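# Working through the structure, step by step
Residues per chain are reported as follows:
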Amino acid sequence: MSTTVNVHEAKTHLSRLLEAVEAGEDVVIARAGKPIARLVPATVRTEPRRPGAWRGRGWMADDFDETPEELIAAFHGDADS
């Protein structure tokens, strides 16, 4: 179940909304009818992090540190538009 509330109502009834989230409800906070945030239960890590768990699963291009001259010029405002 999902509930949408405006910012003023969220500020006024935050404790009630947090109780709803604890009970499993999805709460969306909207400004002028446009959803801007969602209250969801916080997740608690059950196991400690293991350093290096992603070792060997990613890669970096050989030219990662090489910046093209055109890009450098663009940052300095020297690029042709």
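So, here's what we can say about the structure. Each chain carries its own residue numbering, running from 1 in the direction its sequence is written. Reporting of local features is limited, given that this is a predicted model, to residues whose pLDDT is at least 70; pairs of side-chain atoms are given and counted only at 80 or more, and all residues count toward the totals for whole chains, interfaces and linings. In computing side-chain values, all of the structure's heavy atoms are included and hydrogens and water are not.

Attention now moves to the packing of aromatic side chains. Two descriptors summarise a pair of aromatic rings, namely the distance from one centre to the other and the angle between the planes of the rings. Aromatic pairing here means that ring centres of Phe, Tyr or Trp (its six-membered ring) are within 6.5 Å. Orientation follows from the plane angle: under 30 degrees is stacked, over 60 is edge-to-face, and everything else is tilted. Summed over the entire model, instances satisfying the criterion amount to zero aromatic pairs. Definition used: whenever NZ (Lys) or CZ (Arg) falls within 6 Å of the ring centre and also within 35 degrees of the ring normal, the charge is taken to sit over that ring. Here the guanidinium or amino end of R57 rests over the ring plane of W54, the centre of that ring lying 5.0 Å away.

Moving on to the pattern of salt bridges. Any carboxyl oxygen of Asp or Glu within 4 Å of a side-chain nitrogen of Lys or Arg constitutes a salt bridge here. Across all of its chains, the model carries two salt bridges by this definition. Here E9 makes a salt bridge to R16, at a shortest N to O gap of 3.2 Å. Owing to a relative accessible area of 28%, E9 belongs among the partly exposed residues under this scheme. Only protein chains enter the accessibility calculation, which uses a 1.4 Å probe; a residue is then buried when its area is under 20% of its type maximum, exposed when over 50%, and partly exposed in between. Residue R16 is classed as partly exposed on the basis of its relative accessible area, which comes to 42%. In this structure, R38 and D26 form a salt bridge, with 3.3 Å as the shortest nitrogen-oxygen distance. Of this pair, R38 sits in strand β3 (residues 34-39) while D26 is found in strand β2 (residues 26-31), placing the two residues twelve residues apart along the sequence. Among the residues examined, R38 registers a relative accessible area of 52% and is labelled exposed. Working definition: helices are DSSP H or I runs of at least four residues, strands are E runs of at least two. Numbering for both runs from the N terminus.

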